[in-house]
Amino acid sequence: MLATDDTTGAQVQPPALESKEANMEKTLTVSFEKSLYREDAIQVAFEEYAGFIGCTQLSETPTHFNVELGNFDPDFADSIVDEFSNYVLFESITRSR
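Quantities reported herein were computed from a predicted structural model and do not represent experimental measurements.

Engineer: With reference to specific residues and values, describe the environment of Ile53.
Structural biologist: In this fold, Ile53 is placed in the loop between helix 2 (39-49) and strand 4 (54-60). Between the C-alpha atoms of Ile53 and Gly70, which are 17 residues apart in sequence, the distance is 6.3 Å. When near neighbours in sequence (up to four residues on either side) are disregarded, Ile53 contacts Leu69, Gly70, Asn71, Phe72 and Ile80.

Engineer: Please set out the nonpolar core residue by residue, giving values where relevant.
Structural biologist: Counting 20 residues, the largest nonpolar core has Phe32, Leu69 and Phe84 as its most contacted members. Where this core is concerned, the elements lending two or more residues are strand 3 (27-33), helix 2, strand 5 (64-70) and helix 3 (77-96). Looking at this core, the element that brings in the most residues is helix 3, giving 5 residues. Setting aside residues up to four positions removed in sequence, Phe84 forms contacts with Phe32, Ala45, Phe46, Tyr49, Cys55, Val67 and Leu69.

Engineer: Describe the pairing of strand 4, and please don't skip the residues or the numbers.
Structural biologist: Of the pairings in the sheet, the one linking strand 4 to strand 5 comprises 6 bridges and is antiparallel in character. By the bridge assignment for strand 5, Leu58 is matched with Val67. Taken together, strand 4 and the strand that follows it, strand 5, pair antiparallel across an intervening segment of 3 residues.

What counts as what
- Residues numbered from 1 in each chain as written.
- Predicted model: local features only at pLDDT ≥ 70, side-chain atom pairs only at ≥ 80, totals over all residues.
- Heavy atoms only, no water.
- Helix = DSSP H or I, 4+ residues; strand = E, 2+ residues; numbered from the N terminus.
- Contact = heavy atoms within 4.5 Å.
- Core = buried A, V, L, I, M, F, W, Y, C linked by side-chain atoms within 4.5 Å.
- Buried < 20%, exposed > 50% of the residue type's maximum accessible area, 1.4 Å probe, protein only.
- Pairing = 2+ DSSP bridges.

None of this, on its own, says anything about what the molecule does.
See the structure below:
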């Protein structure tokens, strides 16, 4: 089930909670509506965050861009999603000016 981030409006698939070690290998998917976010902004964020956490895949549907994030401590999942989403939002705004 997707949840919506209150700050950015991005849709998030939270990871199932198990042991920390098991979750370090799991991913969570963040979805960005194409009507609000720029593809080039998502690509920049994907490349920037790849050095800190595992950005494992970029995909899209007719209405959304999807980014899979992984290789992070599950205790920080909410913060990682928030920071990544804020960066995408910032890049989208900056590139739209």
